[in-house]
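Take a look at the letters that make up each chain.
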Amino acid sequence: MTDRRAGTTSVLTLRPAMPSAEAPDWAGAAWVGAVDRGEALAADTVELAGAAGFTRARLLVRDGREVAGSVDVAVDAHGALDPTALGRALRALPATRLPAGPGAAPVGRVSVVIGTRDRPEDVRRCVASVLASEHPDLEVIVVDNAPSSSATHDVVAAIADPRLHYVLEARAGVSRARNAGLAVATGDVVAFVDDDVVVDRWWAAALADAYARDADVVCVTGLVPSGELRTPTQRYFDERVTWARNTERRVYRTSAPPADLPLFPFSVGAFGTGANMSLRRSAALALGGFDVALGPGTPARAGEDPDLFTRVLFSGGALAVEPSAVVWHRHRPDRAALRTQAVGYGTGLGAWVAKLVSRPRTAVAVARRAVGALRQLGALGQGSGDGQVAAAVDAVGGWPVDDAFREATAGLKRAELVAALGGPWRYVRGRVAARR
């Protein structure tokens, strides 16, 4: 991510999380990358590679492997950061603490499952980043889900690495793809990432360390910061989702419900997302894998990840959020794609709730939290409403709530809410299709 130039003046050069050859065309765009706090404070100048056209930068701040948080800072015309303003922002973040030492057996092999459909270039980038992740025993499984061509197969075949394997799953659906990868995985831990992410170099090692700290942890999720903030819709999505900002290391257990999550264990967003999740292989198989009536590629369109999180917790296992396990995610860049995603989140939420209330054990737990759930329904479990998002964006100097932002994001919350109402019927359709 960084390099130093020799000379009397020290210069720290940062690389973007997801490079692009094109300059942004929105005034609110931000360059995105990571910085080590100690290196930045020791440098005379911090400059950004590929920063042409950007006036702002979003930096994920780390102390070695530990994540301290993020800062938004101004970028000058030469792609450099004001050292005074940057230093002030970095010092304002809390100090990081090293986690406790191992309390369980160390993790051996980590199997990484990447489900994909007709996005060969995304797969190429994702696979390269996973293979470069630091862990002594990695296995990477690309599951080609109901492909329309051989493009993904050809990409995988061209990568000469014995750790990489190709699996064809002809039946459409992310849950089916993940289950197909789980069935052939040989690792102690099976990690699942989406094809539109780039994993951090320490990602796999951080996941393994999280399992080694607590013997009862059977699921670990990580941080999913925005890899791009080039358009109004990407900025909107960044503000709405909570899993892009979960920088606190936590372990959740039903035996000790957290006081700050009144809807626990139905706290959508607090536990992370399917774009960066992992399970002990034995636990994943015991749970039956992912529900094939939920997720992209089914009538429900989403909901497979919160469903698995709650099943982990109800089974008595612990779920850990490990912020140092970082994957960068490319959010949908335009309104049409974001609206499709918002509708999918809505239908997925409705379908997941329908599943919960159709089972006696979880139905009772849902009923106990019904009042609180209704109070939060407007946010659909994904974060702030549209007005709150606009206020949050406008509160940071240089992030304009301009006509482009308003036009790109208008009505998305309402579309998500309306879609949630149709989720139960979609879950029924998905169940019928799964039985066939």
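Predicted model, so just to flag it, every value in this text is computed and none were measured.

1. Points about the pairing of strand 11 (residues 189–194)
Within strand 11, 5 of the 6 residues are buried, which leaves the element mostly enclosed by the surrounding structure. Alignment of strand 8 (residues 110–116) against strand 11, held across 6 bridges, turns out to be parallel. Opposite Ser111, over in strand 11, you have Val190 as the bridge partner. Here strand 11 runs beside strand 15 (residues 276–280); their pairing, made up of 5 bridges, is antiparallel. Within strand 15, the residue paired with Val190 across the bridge is Leu279.

2. A closer look at the pattern of salt bridges
A complete count under the given rule lists 31 salt bridges for this structure. Residue Arg163 pairs with Asp161 through a salt bridge whose shortest N-O separation is 2.9 Å. Taking the relative accessible area as the measure of exposure, Arg163 reaches 27% and is therefore partly exposed. In this structure Asp161 comes out as buried when scored by relative accessible area, which is 18%. Each of Arg58, Asp72, Arg235, Asp238 and Glu239 takes part in a single network of salt bridges with overlapping partners.

3. Here we look at the layout of surface pockets
To locate leftover empty space, one rolls a probe as large as a water molecule over the atoms. Of the voids in this model, the largest pocket is the one considered here, and its volume is about 1100 Å³. Val174, Asp194, Pro296, Arg301 and Arg332 are, among the 49 residues lining the largest pocket, the residues nearest its centre. Ranked by residue count, the leading element in the lining of the largest pocket is helix 10 (residues 335–357), at 8 residues.

4. Examining the side chain of Thr233
Along the chain, Thr233 falls in helix 7 (residues 232–240). A residue is classified by how much of its surface remains accessible, and Thr233, at 1% relative accessible area, is buried. A polar contact of 3.2 Å, which involves the side chain of Thr233, links it to the backbone oxygen of Arg332. Only 2.8 Å separates the side chain of Thr233 from the backbone oxygen of Pro333, close enough to count as a polar contact.

5. Overview of the pairing of strand 4 (residues 45–48)
In regular strands, side chains alternate between the two faces of the sheet. Strand direction decides the pairing type here: strand 2 (residues 11–14) and strand 4, joined by 4 bridges, are parallel. Its bridge partner being in strand 4, Thr13 is matched across the sheet by Glu47. Two strands pair when backbone bridges link them, and strand 4 and strand 7 (residues 80–81) are joined in this way by 2 bridges, in the antiparallel orientation. Directly across from Glu47, in strand 7, lies its bridge partner Ala80.

Reading the values: the criteria
Residues numbered from 1 in each chain as written. Predicted model: local features only at pLDDT ≥ 70, side-chain atom pairs only at ≥ 80, totals over all residues. Heavy atoms only, no water. Buried < 20%, exposed > 50% of the residue type's maximum accessible area, 1.4 Å probe, protein only. Helix = DSSP H or I, 4+ residues; strand = E, 2+ residues; numbered from the N terminus. Pairing = 2+ DSSP bridges. Salt bridge = Lys/Arg side-chain N within 4 Å of Asp/Glu carboxyl O. 1 Å grid on protein atoms, 1.4 Å probe; cavity = no way out; pocket = protein on both sides within 12 Å on 5 of 7 lines; lining within 4 Å. Points joined across faces, edges and corners; volume = space filled by probe spheres on them. Polar contact = N/O pair within 3.5 Å; in protein donor to acceptor, adjacent residues only side chain to side chain.

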